[in-house]
Amino acid sequence: MLYLQYYDDTYPSVKEQKAFEKNIFGKTHRTDSEIALLEGLTVVYKSNIDLFFYVVGSSHENELMLMAVLNCLFDSLSQMLRKNVERRALLENMEGLFLAVDEIVDGGVILESDPQQVVHRVALRVRVPFLFRKYSSLNLVDSNVLSVDA
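Everything in this summary refers to the structure shown in the same document. (Residues numbered from 1 in each chain as written. Predicted model: local features only at pLDDT ≥ 70, side-chain atom pairs only at ≥ 80, totals over all residues. Heavy atoms only, no water.)

## Comments concerning the pairing of strand β2 (residues 35-38)
Next, step 1: By the bridge criterion, four bridges tie β2 to strand β3 (residues 41-48) in an arrangement that is antiparallel. Within the sheet, the bridge partner assigned to L37 lies in β3 and is T42. (Pairing = 2+ DSSP bridges. Helix = DSSP H or I, 4+ residues; strand = E, 2+ residues; numbered from the N terminus.)

## A short note on the packing of aromatic side chains
Next, step 1: In this structure the tally under the stated criterion is six aromatic pairs.
Next, step 2: Arranged with centres 5.3 Å apart and planes meeting at 50°, the rings of Y3 and F98 form a pair that is tilted. A residue pair is termed long-range when its members are at least 10 positions apart, and Y3 in strand β1 (residues 3-6) and F98 in helix α4 (residues 94-104) qualify at 95 residues.
Next, step 3: Judged by relative accessible area, F98 falls into the partly exposed class, the value being 36%. (Phe/Tyr/Trp six-rings, centres within 6.5 Å; stacked < 30°, edge-to-face > 60°. Buried < 20%, exposed > 50% of the residue type's maximum accessible area, 1.4 Å probe, protein only.)

## A few points about the nonpolar core
Next, step 1: By size, the foremost hydrophobic cluster in this structure holds 28 residues, and its most contacted members are F53, L73, L77, L97, I104 and V122.
Next, step 2: Here the element with the most residues in this core is helix α2 (residues 63-80); it accounts for nine residues.
Next, step 3: Beyond its immediate sequence surroundings of up to four residues, I104 is in contact with V69, C72, L73, V109, I110, L111, E112 and V118. (Core = buried A, V, L, I, M, F, W, Y, C linked by side-chain atoms within 4.5 Å. Contact = heavy atoms within 4.5 Å.)

## Observations concerning the pairing of strand β4 (residues 51-58)
Next, step 1: The element β4 is largely enclosed, with a buried count of seven among its eight residues.
Next, step 2: Bridge count for β3 against β4 is eight bridges, and the pairing is antiparallel. The residue bridging V44 from the neighbouring strand is V55, located in β4.
Next, step 3: If you look at the hairpin formed by β3 and β4, you'll find two residues sitting between the two strands, and I49 has a positive phi there, around 55°.

## Comments concerning α4
Next, step 1: A large share of α4 lies buried, amounting to eight of its 11 residues.
Next, step 2: For α4, the complete set of buried residues consists of M94, G96, L97, L99, A100, V101, E103 and I104.

Spelled out as structure tokens, the structure:
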């Protein structure tokens, strides 16, 4: 995992969280679909080169909203990393990932789904403009759980 954020107590211990993460990856890393139901949760995901992005919500969450969060995150990172969304580029620019997630979701509440707005707000908050660096890497999960896997 490169980045992971839980917004509730569904998995209170680190051991339970790791088991859940392993289960999600095991069920999704070899499929081409974009949505799965796992342990009573809705999981939307996307893979790109050497990264997997996940957004997880309860089974009552609207799948389209979860997908909007996932697409916003991926598109924002793609713009910030100049379409070079790979593990190495992401690792070199983790502050962009942290700030983008903060702009998109706060405490499990979706704040923004427009990648242009997210990129603009992140650019305003970054001291050293990482938008002009050279890049190469990334990965993510959840509205109740937010995670990045490689």
